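Here's the letter readout for the chains.
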Amino acid sequence: MTQSRYLFTSLVLAALPTIVVAAPGRVPQSGRAASGEPFRSFRLLDQKLTLLSNQQSALKAALGAGRVNSSSNNSSSESATVILRRMSSTTIAIDRIAGRLEHLYQSRHESFGVRMFKILRSRAQAVQRDVSSVRRARMPSDASAAGQRLEEHLVSLVMQFQATAGGYAATHCLPGTRICCQPKRSQDLLPGAQIACKWACVSSARACGGFLGPHIPQSSAESRQRGRSK
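Residues numbered from 1 in each chain as written. Predicted model: local features only at pLDDT ≥ 70, side-chain atom pairs only at ≥ 80, totals over all residues. Heavy atoms only, no water.

Draft legend 1. Representation of the overall build of the protein chain within the structure. Looking only at helices and strands, one finds seven helices and three strands in the protein chain. Overall, the protein chain shows an N-to-C arrangement of helices and strands of α-α-α-α-α-α-β-β-β-α. A burial count over the protein chain gives 47% of its 230 residues as buried. A separation of at least 24 residues holds for 76% of the contacts in the protein chain among residues at least 6 apart in sequence. As displayed, the protein chain has an accessible area near 11600 Å², and 51% of this comes from carbon and sulfur atoms. (Helix = DSSP H or I, 4+ residues; strand = E, 2+ residues; numbered from the N terminus. Buried < 20%, exposed > 50% of the residue type's maximum accessible area, 1.4 Å probe, protein only. Contact = heavy atoms within 4.5 Å. Areas by Shrake-Rupley, 256 points an atom, 1.4 Å probe, with all protein chains shown as cover.)

Draft legend 2. Representation of the side chain of S88. The topology assignment puts S88 in helix α4 (residues 75–107). For S88, the side chain forms a polar contact with the side chain of Q128, separated by 2.8 Å. Beyond its immediate stretch of four places on either side in the chain, S88 contacts Q128, V131 and R135. (Polar contact = N/O pair within 3.5 Å; in protein donor to acceptor, adjacent residues only side chain to side chain.)

Draft legend 3. Local environment of the pairing of strand β3 (residues 211–215). In terms of burial, β3 is largely enclosed, as five of its five residues are buried. Sheet topology note: the strand β1 (residues 178–183)/β3 ladder contains three bridges and is antiparallel. Bridge pairing in β3 places R178 opposite H215. (Pairing = 2+ DSSP bridges.)

Draft legend 4. Layout of the state of the cysteines. Tallied over the entire structure, the rule returns three disulfides. In this model, C173 is linked to C201 through a disulfide, with the two sulfur atoms separated by 2.1 Å. Taking the sign of the S-S torsion, about -90° here, the bridge from C173 to C201 comes out left-handed. With C173 in the loop between α6 (140–165) and β1 and C201 in strand β2 (residues 197–202), this residue pair connects regions lying 28 residues apart in the sequence. We classify C173 as buried; its relative accessible area is 4%. With relative accessibility at 36%, the residue C201 sits in the partly exposed group. Between the sulfur atoms of C180 and its disulfide mate C208 the distance is 2.1 Å. Around the S-S axis, the bridge from C180 to C208 shows a dihedral of about 85° and counts as right-handed. With C180 in strand β1 and C208 in the loop between β2 and β3, this residue pair connects regions lying 28 residues apart in the sequence. (Disulfide = S-S within 2.5 Å.)

Draft legend 5. Looking closely at the environment of T164. Position of T164 among the secondary structure elements: in helix α6. For T164, a relative accessible area of 0% puts it in the buried group. Along the primary structure T164 and I195 are separated by 31 residues, whereas in three dimensions their C-alpha atoms are 7.8 Å apart. A polar contact of 2.8 Å, which involves the side chain of T164, links it to the backbone oxygen of Q160.

Draft legend 6. Local environment of α6. Here α6 spans 37 Å end to end across 26 residues, near enough to the 38 Å set by a 1.5 Å rise per residue. G167 sits one or two residues past α6 and shows a positive phi near 95°. (Expected span 1.5 Å × (residues − 1).)

Draft legend 7. Geometry of the packing of aromatic side chains. Considering all chains together, one arrives at ten aromatic pairs under this definition. Judged by centre distance (5.8 Å) and plane angle (15°), the ring pair of Y105 and F117 falls under stacked. Within this pair, whereas Y105 is found in helix α4, its partner F117 is found in helix α5 (residues 111–136), the two being separated by twelve residues in sequence. Classification of Y105 as buried rests on a relative accessible area of 0%. By the ring-pair criterion, three or more aromatic residues cluster together here, those being F39, F42, Y105, F112, F117, F161, W199 and F211. (Phe/Tyr/Trp six-rings, centres within 6.5 Å; stacked < 30°, edge-to-face > 60°.)

Draft legend 8. Layout of the environment of L190. Looking at where L190 falls in the secondary structure, it is placed in the loop between β1 and β2. Sequence separation between L190 and A163 is 27 residues; the distance between their C-alpha atoms is 7.5 Å.

Here's what the structure looks like:
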């Protein structure tokens, strides 16, 4: 597999419609900090996944020396060790962000959201295990095999994130409606995605068959009034 084939566009979420970004409307069963979720966390995840993809590319270059853990002063080996430590930190951050979203949808009793972010966490944890395997590798062949698994699991993680967040930037909802992740049919899933979202606008929470995103305020006046009341 090639890096260019799998590396997602880091700015895919930057095109989120202004009305969604600015909407401070309160989502039922959520607090002030969660009113913009899951999109606020999507932007964080996008940043972390882009960073992790870049770190993985740097790791592949560093592993060209054939040694990860060594008592020598080989600069490539030292570089690989540093990169792996940073990858571990990045992956843990992804796991925690997905975990917060899983907990959020548990509190809202939205089972599809719980399932979605549990899967994302599971894939992040698989990457973390591979990072640990590369760090423990003593032989070049072991490091190479673990590095290949890491790359495959990273692709899997990125693809599942795309299946979750992809397309919502093109969703333009009218004031007073809700943004909703409707579950995609199994025959519509992209390769590598376990479940996926089709982002849509719904008139009420009951019309959402998956999990809810932000509520779009009726007007800017309503938005300002709610902002003053917080």
